Amino acid sequence: RTRTHTHIHGRTAAKLVLTGASASVAESVTFPVDATKTRLQLQGEQVSALTRGATGGGGSAAAPHRGAIRMGMHILQMEGVRGLYRGLAPGVVRPCIYSSSRICLYEHFHQRLIPGGETIPMLHRAAAGGTAGL
């Protein structure tokens, strides 16, 4: 291996780690919002099923929590902070892998399209981004 080859792989590895770390932080910060949104959606489906009589048992639904803030407060009261972060581990793995690979692939395709680093037309940039997102 040449020194340049090792340097390029070192930079790529560092980019993968740093983009994965930033994606993990972003997911961790926004996860409670997603968890609350998901609970609201599930609650809506349950209420809808009960009003249609889909349960068959004549069960009754708990009073719905209207709005994200009320649902978030309900989760905190019933399950604590852990309830807002339940399922975080798999939620972090996906964006960590996806974001880091997508950003590194974009840079790779961008450099292949423009070896000198000059400004390229928007169509070429869109091609590099679209290819990286596949």
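Summary of the structure given here. (Residues numbered from 1 in each chain as written. Predicted model: local features only at pLDDT ≥ 70, side-chain atom pairs only at ≥ 80, totals over all residues. Heavy atoms only, no water.)

1. Digging into the overall build of the protein
- Within the protein, the secondary structure is distributed over five helices and zero strands.
- Starting at the N terminus and walking to the C terminus, you meet the elements of the protein as α-α-α-α-α.
- When burial is assessed residue by residue, the protein has 20% of its 134 residues classed as buried.
- Residue pairs in contact within the protein that sit at least 24 positions apart in sequence constitute 66% of those at least 6 positions apart. (Helix = DSSP H or I, 4+ residues; strand = E, 2+ residues; numbered from the N terminus. Buried < 20%, exposed > 50% of the residue type's maximum accessible area, 1.4 Å probe, protein only. Contact = heavy atoms within 4.5 Å.)

2. Overview of the environment of threonine 19
- Following the sequence through the fold, threonine 19 ends up in helix 1 (residues 3–52).
- Separated by 81 residues in sequence, threonine 19 and serine 100 place their C-alpha atoms 4.9 Å apart.
- Not counting chain neighbours up to four residues away, the residues in contact with threonine 19 comprise Ser100 and Ile103.

3. Concerning a nonpolar patch on the surface
- A surface patch of nonpolar side chains, amounting to about 480 Å² of accessible area, comprises Ile69, Met73, Leu76, Val81 and Tyr85.
- Ranked by residues supplied to the nonpolar patch, first place goes to helix 2 (residues 68–79) with three residues.
- For tyrosine 85, the position within the fold is in the loop between helix 3 (81–84) and helix 4 (88–113).
- Judged by its relative accessible area of 32%, tyrosine 85 is partly exposed. (Patch = residues over 30% accessible without salt bridge, like charges linked within 9 Å, V, L, I, M, F, W, Y side chains within 5 Å. Areas by Shrake-Rupley, 256 points an atom, 1.4 Å probe, with all protein chains shown as cover. Salt bridge = Lys/Arg side-chain N within 4 Å of Asp/Glu carboxyl O.)

4. Let's talk about helix 4
- Its 26 residues place the ends of helix 4 37 Å apart at the C-alpha level, agreeing with the 38 Å of an ideal helix rising 1.5 Å per residue.
- Within the sequence span of helix 4, burial applies to Leu88, Gly91, Val92, Pro95, Ser99, Ser100 and Cys104. (Expected span 1.5 Å × (residues − 1).)

5. Overview of the packing of helix 4 against helix 5 (residues 122–132)
- Two elements in contact, helix 4 and helix 5, have axes whose closest approach is 8 Å; the angle formed by their N-to-C orientations is 140°. Considering the angle they form, helix 4 stands oblique to helix 5. The way helix 4 lies across helix 5 gives a crossing that is right-handed. On helix 5, the residues that touch Arg102, Leu105, Tyr106, Phe109, His110 and Leu113 of helix 4 are His124, Arg125, Ala128, Gly129, Thr131 and Ala132.
- Residue composition of the contact of helix 4 with helix 5, by class: six nonpolar, four polar and two charged. (Axes fitted to C-alpha atoms, helices over the stretch in contact; angles between N-to-C directions. Parallel < 35°, antiparallel > 145°, perpendicular 65-115°, else oblique. Left-handed = near helix turned anticlockwise from the far one by under 90°. Nonpolar A, V, L, I, M, F, W, Y, C, P; charged D, E, K, R; others polar.)

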